[in-house]
Amino acid sequence: MTFLRLFTAAVAILVAGSEVARWWGQERFLPLAFDELLVAAGMLWAATARSRIGLATAWGAFCGLTLSLLVPTLDHLMYGPPKESAGFYAGVLSAMLAAGLAATAVAMRLNRVPSPVP
C-alpha cells in the first residue's frame, strides 16, 4: 500500500510538473493544463488520504485522461495530418496507460474485503 501511495504521488507530481513546464508563460496555460492539473490534484489527495477507494478512483481518472490523449494521437499517426513526434508521444502515452491500468488493478485488489466465513 505504501508503494502505491508513493508511486501515485510521484506520477501526480510528474504530470503536474510537465504540464506547468509545457504551458508556463502562455495565455492558454489554464484552459489547456486544467484537466491534467485537476487529475494530478486528485492523485495527490488520494496518495495522502486514508481512503483506499480514493486510490482506485484517482488512477481510473488518470487512465481516462491518458486514453483521451492517446486516441487523437493515434488518429494523427494512422490517418494524418502528420503531427511532429506523434510516434514518440503515442509510445509514452501507451506506457502511461499501461502503468495506470496496472495501478488501478492493484488499488482495486487492495479494496477487496474478504467474505465472511459462515
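For the structure, check the block above.
Just so it is clear, the model here is predicted, and its values are computed rather than measured.

Caption draft 1: Local environment of the side chain of glutamate 36. Here glutamate 36 lies in helix α2 (residues 29-48). Filtering out sequence-adjacent residues up to four positions away, glutamate 36 remains in contact with Val15, Glu19, Leu65 and Leu69.

Caption draft 2: Broad picture of the packing of helix α1 (residues 2-23) against α2. For the pair α1 and α2, the least separation of the axes is 8 Å and the interaxial angle reads 165°. What the angle tells us is that α1 and α2 run roughly antiparallel. Crossing of α1 over α2 shows left-handed handedness. Residue-level contacts link Arg5, Thr8, Ala9, Val11, Ala12, Ile13, Val15, Ala16, Glu19, Val20 and Trp23 of α1 to Phe29, Leu32, Ala33, Glu36, Leu37, Ala40, Met43, Leu44, Ala46 and Ala47 of α2. By residue class, the composition of the contact of α1 with α2 is 17 nonpolar, 1 polar and 3 charged.

Caption draft 3: Local environment of the environment of alanine 46. When you line up the elements, alanine 46 lands in helix α2. Owing to a relative accessible area of 0%, alanine 46 belongs among the buried residues under this scheme. C-alpha of alanine 46 to C-alpha of tryptophan 59: the two residues are 13 residues apart in sequence and 9.1 Å apart in space. When sequence neighbours within four positions are dropped, the list of residues in contact with alanine 46 reads Arg5, Gly54, Leu55 and Ala58.

Caption draft 4: Spotlight on the packing of aromatic side chains. All chains considered together, the criterion is met by 4 aromatic pairs. Ring geometry for tryptophan 24 against phenylalanine 29: centres 6.1 Å apart, planes inclined by 80°, an arrangement best described as edge-to-face. When its relative accessible area of 66% is taken as the criterion, tryptophan 24 is described as exposed. Judged by centre distance (5.2 Å) and plane angle (75°), the ring pair of tryptophan 59 and phenylalanine 62 falls under edge-to-face. Taken together, the positions of tryptophan 59 and phenylalanine 62, both in helix α3 (residues 52-79) and 3 residues apart, correspond to about one turn of that helix. For tryptophan 59, a relative accessible area of 0% corresponds to the buried category. Each member of the aromatic cluster is reached from another via a ring pair, and the members are Phe3, Phe7, Trp59 and Phe62.

Scoring rules and cut-offs
- Residues numbered from 1 in each chain as written.
- Predicted model: local features only at pLDDT ≥ 70, side-chain atom pairs only at ≥ 80, totals over all residues.
- Heavy atoms only, no water.
- Helix = DSSP H or I, 4+ residues; strand = E, 2+ residues; numbered from the N terminus.
- Contact = heavy atoms within 4.5 Å.
- Axes fitted to C-alpha atoms, helices over the stretch in contact; angles between N-to-C directions.
- Parallel < 35°, antiparallel > 145°, perpendicular 65-115°, else oblique.
- Left-handed = near helix turned anticlockwise from the far one by under 90°.
- Nonpolar A, V, L, I, M, F, W, Y, C, P; charged D, E, K, R; others polar.
- Buried < 20%, exposed > 50% of the residue type's maximum accessible area, 1.4 Å probe, protein only.
- Phe/Tyr/Trp six-rings, centres within 6.5 Å; stacked < 30°, edge-to-face > 60°.

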